[in-house]
Amino acid sequence: MSYPPHASYPHMPGPVTPMVYPHPIAPPPGYAVLAVSVNRGPYIVPAPTTSKFKVSGQTVPIPGEGTWYVVIPPGSHDVRYTDFMGLPLITTALVAQPGAAYHLAFRFGGWRNRAYDGYGTDVTKFGLWSNYSIMLVTFGVIGLICCGVLGPYAALL
């Protein structure tokens, strides 16, 4: 009795857990490949190690900074990085065609977090300010409240 040969990839696109590879791969039949480049950001703890990468709401286990290759089914995808609580840091959209490869670079910066395509075009739908810029604004507001608003009242007492 002989069995038909097994395909190394699923035959039909559908809800499949995305696979992550550390090296370039050819798109499997009926699927696309997403090349994701991630920098560490200016943070003491690298942003990719504390954040979650999600494709269409499904968490993809990207280990850290560098370039990673993810097999995705064709169609429209919401691609985002979220913090450990699920708050979006960078959000973009992608329409994948079967057999194609797409490059997205997620850059965690000093002021804003952005996403760029393979041509260097900013494709960010939502990019949260970085933790440092949020901290600067917060300390500025607290400084104004404490020293600017409450200071004259404290001198009267």
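Computed from a predicted model, the values in this text were never measured in an experiment. (Residues numbered from 1 in each chain as written. Predicted model: local features only at pLDDT ≥ 70, side-chain atom pairs only at ≥ 80, totals over all residues. Heavy atoms only, no water.)

Student: I'm lost on the pairing of strand S8 (residues 101-108) in this one. Help?
Tutor: In summary, the side chains of a regular strand alternate between the two faces of the sheet. Summarising the sheet, strand S2 (residues 32-38) and S8 pair through six bridges and their orientation is parallel. Opposite Val36, over in S8, you have Leu104 as the bridge partner. Bridge count between S8 and strand S9 (residues 113-117): five bridges; the pairing is antiparallel. Bridge pairing in S9 links Phe108 to Asn113. (Pairing = 2+ DSSP bridges. Helix = DSSP H or I, 4+ residues; strand = E, 2+ residues; numbered from the N terminus.)

Student: Even after reading the chapter, I still don't get the packing of aromatic side chains, so can you show me in this structure?
Tutor: Between two aromatic rings, the relevant description is the distance of the centres plus the angle of the planes. Counted by the stated rule, this structure contains four aromatic pairs. Arranged with centres 5.2 Å apart and planes meeting at 50°, the rings of Phe53 and Tyr81 form a pair that is tilted. Of this pair, Phe53 sits in strand S3 (residues 52-55) while Tyr81 sits in strand S6 (residues 75-82), and the two are 28 residues apart along the sequence. Where Tyr81 meets Phe108, the ring centres are 5.5 Å apart and the plane angle is 80°; that geometry is what we call edge-to-face. Of this pair, Tyr81 sits in strand S6 while Phe108 is found in strand S8, placing the two residues 27 residues apart along the sequence. Residue Tyr81 is classed as buried on the basis of its relative accessible area, which comes to 1%. Residue class for Phe108 comes out buried when judged on its relative accessible area of 2%. Taken together through their ring pairs, the aromatic side chains of Phe53, Tyr81, Phe106 and Phe108 make up a single cluster. (Phe/Tyr/Trp six-rings, centres within 6.5 Å; stacked < 30°, edge-to-face > 60°. Buried < 20%, exposed > 50% of the residue type's maximum accessible area, 1.4 Å probe, protein only.)

Student: Help me out: how do you make sense of the sheet that holds S9 in this one?
Tutor: The strands making up a sheet associate through hydrogen bonds between their backbones, and the pairing can be parallel or antiparallel. Read from one edge of the open sheet, five strands run S1-S5-S2-S8-S9, paired in mixed fashion. Sheet topology places strand S1 (20-21) and S9 at the edges, where each strand pairs with a single neighbour. Relative to strand S5 (residues 66-72), S1 runs antiparallel, the two being bridged by two bridges. Paired with Tyr21 across the two strands is Tyr69, which belongs to S5.

Student: Before we go on, may I ask you to explain the environment of Thr82 in this structure?
Tutor: Topologically, Thr82 is positioned in strand S6. Taking the C-alpha atoms as reference points, Thr82 and Ala47, 35 residues apart in sequence, are found 9.9 Å from one another. Apart from the residues lying within four places of it in its own chain, the contact partners of Thr82 are Ser51, Lys52, Lys54, Leu87, Pro88 and Leu89. (Contact = heavy atoms within 4.5 Å.)

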